[in-house]
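Geometric and topological summary
Take a look at the letters that make up each chain.
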Amino acid sequence: MNVLSHILGFPRIGKNRELKKSLEKYWNNKISKTELLNTGFNIRKFNFKQQKNNLDLLSVGDFAWYDHVLNTSLMLGNIPLRYSKISNLIDINTMFNISRGTIHENKKIYPSDMTKWFNTNYHYIVPEFYSNQSFNFSWKELLEEIDEAIRLGYKNLKPIILGPLTYLWLGKIIGKKFDRLMLIKKILPIYIEILTEISNRKISWIQIDEPILSLELPNNWLYEFRNTYKILNNHFKKNINILLTTYFGGISHNIELIKLLPISGIHLDFIHGNDNISFINDILPKEWILSCGIINGRNIWKTNLKLWYEKLLKIKKNRENLWISTSCSLLHSPIDLNTENNLPKRVKELFSFAIQKCYELLLLKEALQYNDLNKLIKWNRYTQNFSQNTKNNQIFQKKIVINDEKKINSNRISYTIRSVLQKQKLKLPLFPITTIGSFPQTKDIRKIRSNYKLGLIDYSSYEKNIKKHIKDIVNIQEKLDLDILVHGEPERNDMVEYFGENLNGFIITENGWVQSYGSRCVKPPIIFSDINRNKPITVKWIKYAQSLTTKIVKGMLTGPMTIFLWSFPREDITPIEITKQISLVLKEEILDLEKANIKIIQIDEPALREGLPLKKSEWKKYLQWAVTSFKLVTSNVQDTTQIHTHMCYSEFKDIINDIIALDADVISIETSRSSMDLIKLFKYVNYPNGIGLGVYDIHSPNIPSIKLIKNFLKQASQNIPMKNIWVNPDCGLKTRNWEETVKSLYNMVYATKILRNELKD
Ligand code: GLN
Ligand code: ZN
């Protein structure tokens, strides 16, 4: 019996975020294209080496300058019309133009949409499809990277390519509606061309990613899988073996289809699916390679290798070939634990980043081959104890939570009554104007935070400096005449990390970066033990801001689902348990804000929607969890305290009832890109509470005109009750500069005031 190890992809940002740094320099004309290309080459070289040290098959083609879905678009020659019109050339700049937008002859050419990659916090560039489209094999970087690896002397290469059906699924139609599945006929010949080139390079395995197989797909899509892979198989026979990879969820529901596909092997995610491993093993053809994804590619804990050893041993008995792998690409994992210099040894002993995960595969492979468990046991020697030591606390937490939950539903009086009370207390004008929380994060602000973190300045000087910024931000808002002010979040590097840094139970890494999109990386905090709070976290700043003005200052918290989803959670405590702990802490924080006389509090939940399970049949349970978590946070709040929530997206259609169930007094949403459809939805369901309409698209440097804002509000007020409408930007302003911000907010206020006046007459 043969055991082989491989991974589904290695992170491409570079050990010290070299890609991010080079990209940003290149975009600012600080380095040449050659220098940028060189950074990419060095990252790939490093990645090959890490794989070679530990694994049997080496992934190639997992590198991307911006995003791997965009790679695929370029490879297939799928360039949005507005870009192909301005140039026939397809190169690295085409990629950056599509993802970031460009200016051509003084006209702004819009970037393609970006959206979440399945249920992760990675974003991909949405392919655009239109009828009469044609494709051709245009961008050949995949082949170049294979040749590069060959030149570097690497063997056993396994190229990775995004599957044609997943590619089509992820795209959207531009213009006249049609069934994008039809395009498979046009795309397949290009795939054949690419695979032919690959097989000419004497490569025996290719990894084709079709993660949509873990979704509940419509029948015509499922049927097309059979067709597509039959065609590919007929073409290549045994020249090249296809390993079909699925991840992020189980595939048992599609097993009857999958088992008939003419492929040579399949990869399954045994971490995120509920698939029964022996059931799958029995049902899938014996001659197939079964690639078992058993190292979590989306978290940082060491794998319990002994446990998997025992499970895999059973499979090993009746299968000639067993492959072991990570659950998904390591794209979602930080790179090297050894760059963490500040973590105590006993803590580091529990973690495993991308490089360590490759090593875990080596350990497991050796154990399976030589039936020697010693190294595995040594690898996990601290893991077991760590889990047991936290049991007592969990019981303690459970007690508190049960008491609280009983109160959740009976606590707040109905919105109809509390809105009257709030109106009397807050005395707001028609169309109250506010912002979502953060203001531009200048170099100066970043410097204060980093100087404090590095110990270059002491706390009192840090506090003084942050307060100075809060004061400036409050002053500007007063001048602009916004109605509800914010403190601007200058103390926060990131909306989740900040809470992680200030709560007990989290560990913040120095270098645990993960790509979020393009050059943007995030550093998710690690949920390490039970979560609680020694003292208030946000009150000092908000209270200070409030002391500077007679206007109301809104308190600003990150919600429980967002903190959970954007962290690396414990795997041995249930997600529900963890979010309960977070909710309880946030509840205490709200009560402290109330005590400090803060009248409006916003709880941001931008991650709520992305956390939706991939299978629709699991949505209900998830949404119930999300709603309960939110309501637990707000369960003891006074009726006159106005609770806001913020979600930065616009797809509410299938979750609108749960949004209603949150029962926030005001919800602010993204509307400037998708506008009227969304407003009509809120009209249709008769959404009773306040709605903050995002009239300023903060993802773009454009300044919305007064006319545009006014017309939009006017139209909106024909659809939703005027008294419910709030005016705000789409999201926080931290990525914008001051000039754009002030101009846009000025227009926002101006437009609202004109409308208020017109309505008076
Ligand atoms: N309050 C946060 C901010 O303004 C919200 C960010 C978000 O929704 N992603 O930055
Ligand atoms: Zn937002």
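Shown above is the structure to which this text applies.
Definitions and cut-offs
Residues numbered from 1 in each chain as written. Chains lettered and ligands numbered in written order. Predicted model: local features only at pLDDT ≥ 70, side-chain atom pairs only at ≥ 80, totals over all residues. Heavy atoms only, no water. Donors = N, O, S within 2.8 Å, 3.2 Å for Na, K, Ca; no water. Tetrahedral: all angles 85-135°; square planar, octahedral: opposite > 155°, others 65-115°. Helix = DSSP H or I, 4+ residues; strand = E, 2+ residues; numbered from the N terminus. Polar contact = N/O pair within 3.5 Å; in protein donor to acceptor, adjacent residues only side chain to side chain. Contact = heavy atoms within 4.5 Å. Pairing = 2+ DSSP bridges. Axes fitted to C-alpha atoms, helices over the stretch in contact; angles between N-to-C directions. Near = heavy atom within 4 Å. Areas by Shrake-Rupley, 256 points an atom, 1.4 Å probe, with all protein chains shown as cover. Nonpolar A, V, L, I, M, F, W, Y, C, P; charged D, E, K, R; others polar. Expected span 1.5 Å × (residues − 1). Buried < 20%, exposed > 50% of the residue type's maximum accessible area, 1.4 Å probe, protein only. Salt bridge = Lys/Arg side-chain N within 4 Å of Asp/Glu carboxyl O. Parallel < 35°, antiparallel > 145°, perpendicular 65-115°, else oblique. Left-handed = near helix turned anticlockwise from the far one by under 90°. Phe/Tyr/Trp six-rings, centres within 6.5 Å; stacked < 30°, edge-to-face > 60°.

1. Side note on the coordination of the zinc ion (ligand 2)
The reference angle at a metal is 109.5 degrees if four donors form a tetrahedron and 90 or 180 degrees if six donors form an octahedron. For the zinc ion (ligand 2), every protein donor is listed as His646 (NE2), Cys648 (SG) and Cys731 (SG), and the spread of their distances is 2.0 to 2.4 Å. One way to put it: the four donor atoms around the zinc ion (ligand 2) meet at angles of 87 to 124°, and that makes the site tetrahedral. The sequence pattern describing where the donors of the zinc ion (ligand 2) fall on their chain is H-x1-C-x82-C.

2. Section: the side chain of Asp91
With respect to the helices, strands and loops of the structure, Asp91 is situated in the loop between α4 (81-84) and α5 (92-100). Side-chain polar atoms of Asp91 contact the backbone nitrogen of Asn93, separated by 2.9 Å. Not counting chain neighbours up to four residues away, the residues in contact with Asp91 comprise Lys33, Leu74 and Trp139.

3. A closer look at the sheet that holds strand β2 (residues 58-60)
Judged by pairing direction, the sheet is parallel, and its eight strands sit side by side in the order β1-β14-β13-β12-β11-β10-β8-β2 without closing on themselves. Pairing within the sheet leaves two strands with one partner each, and these edge strands are β1 (2-5) and β2. Averaged over all neighbouring strand pairs, the angle between strand axes comes to 25°, with direction disregarded. As defined by bridge partners, β2 adjoins strand β8 (residues 157-162) across three bridges and the pair is classed as parallel. Counterpart to Ser59 in the pairing with β8 is Lys158. Those strands touched by helix α8 (residues 184-200) are β8 and β10 (205-209), and its axis lies near 170° from that of β8.

4. Some details on the site of ligand 1
Taken together, the neighbourhood of ligand 1 is formed by Ile436, Gly437, Ser438, Glu489, Met495, Met556, Asp604, Pro606, His646, Cys648, Cys731 and Gly732. In the environment of ligand 1, a nitrogen atom lies 3.1 Å from a nitrogen or oxygen atom belonging to the backbone of Ile436. Here Asp604 contributes a side-chain N or O atom positioned 2.6 Å from a nitrogen atom of ligand 1. The protein chains hide 91% of the 300 Å² of surface that ligand 1 would expose on its own. Tallied by class, the residues present in the shell around ligand 1 amount to six nonpolar, four polar and two charged.

5. Concerning helix α29 (residues 738-760)
Helix length check: α29 (23 residues) gives 33 Å between terminal C-alpha atoms against 33 Å at 1.5 Å per residue, within 8%. Along α29, the residues that are buried comprise Glu740, Thr741, Ser744, Leu745, Asn747, Met748, Val749, Ala751, Thr752, Leu755 and Arg756. Where α29 begins, the capping side chain belongs to Asn737, and its oxygen is found 3.1 Å from the backbone nitrogen of Glu739.

6. Here we look at the environment of Gly559
With respect to the secondary-structure elements, Gly559 resides in the loop between β20 (552-558) and α23 (560-565). Note on Gly559: relative accessible area 0%, which makes it buried. C-alpha separation for the pair Gly559 and Glu463, spaced 96 residues apart in sequence, amounts to 25 Å. Excluding residues within four positions of it along the chain, Gly559 makes contact with Leu586, Ile603, Asp604 and Glu605.

7. Let's talk about the pattern of salt bridges
On inspection of all chains with the given rule, the structure shows 41 salt bridges. Among the ionic pairs, Glu310 bridges to Lys306, the shortest N-O distance being 3.6 Å. Here Glu310 and its partner Lys306 are both found in helix α12 (residues 305-317), four residues apart, which amounts to about one turn of the helix. Overall, Glu310 belongs to the partly exposed group, its relative accessible area being 38%. A relative accessible area of 34% places Lys306 in the partly exposed class.

8. Some remarks on the packing of helix α20 (residues 459-480) against helix α22 (residues 539-547)
Two numbers describe how α20 lies on α22: the axes approach to 10 Å, and their chain directions differ by 45°. Judged on the interaxial angle alone, α22 and α20 are oblique. Here α20 and α22 pass one another in a crossing that is right-handed. Counting all contacts with α20, which are made through Tyr459, Tyr462, Glu463, Ile466, Lys467, Ile470, Lys471 and Val474, the residues of α22 involved are Lys540, Trp541, Tyr544 and Ala545. Here the residues of the contact of α20 with α22 sort into eight nonpolar, no polar and four charged.

9. Description of the packing of α20 against α29
At a closest axis distance of 10 Å, the pairing of α20 and α29 adopts a crossing angle of 35°. Handedness of the α20/α29 crossing: right-handed. Residues Ile473, Ile476 and Leu480 of α20 touch α29, and the partners they reach there are Trp738, Val742, Leu745, Tyr746 and Val749. Within the contact of α20 with α29, the residues separate by chemical class into eight nonpolar, no polar and no charged.

10. A word on the packing of aromatic side chains
Both the distance between ring centres and the angle between the ring planes are used here to describe each pair of aromatic rings. Applying the stated criterion to the full structure yields 30 aromatic pairs. Between Trp301 and Phe351 the ring centres are 5.3 Å apart and the planes differ by 80°, which places this aromatic pair in the edge-to-face class. Of this pair, Trp301 sits in the loop between β13 (289-295) and α12 while Phe351 is found in the loop between α13 (345-348) and α14 (354-370), placing the two residues 50 residues apart along the sequence. Like Phe351, Trp301 is buried. Here the aromatic rings of Tyr462 and Trp541 are separated by 6.1 Å at their centres, their planes lie at 85°, and the arrangement is edge-to-face. Taken together, the positions of Tyr462 in helix α20 and Trp541 in helix α22 put the pair 79 residues apart, joining distant regions of the chain. On the basis of relative accessibility, which here comes to 7%, the residue Tyr462 falls in the buried class.

11. Some remarks on unusual backbone geometry
The phi dihedral of Glu105 falls on the positive side, at around 45°, and the residue is not glycine. By the secondary structure assignment, Glu105 is in the loop between β3 (102-104) and β4 (107-109). Backbone geometry at Asn132 places phi at a positive 65°, although glycine is not the residue there. Looking at the element boundaries, Asn132 is found in the loop between β7 (128-129) and α6 (141-151).

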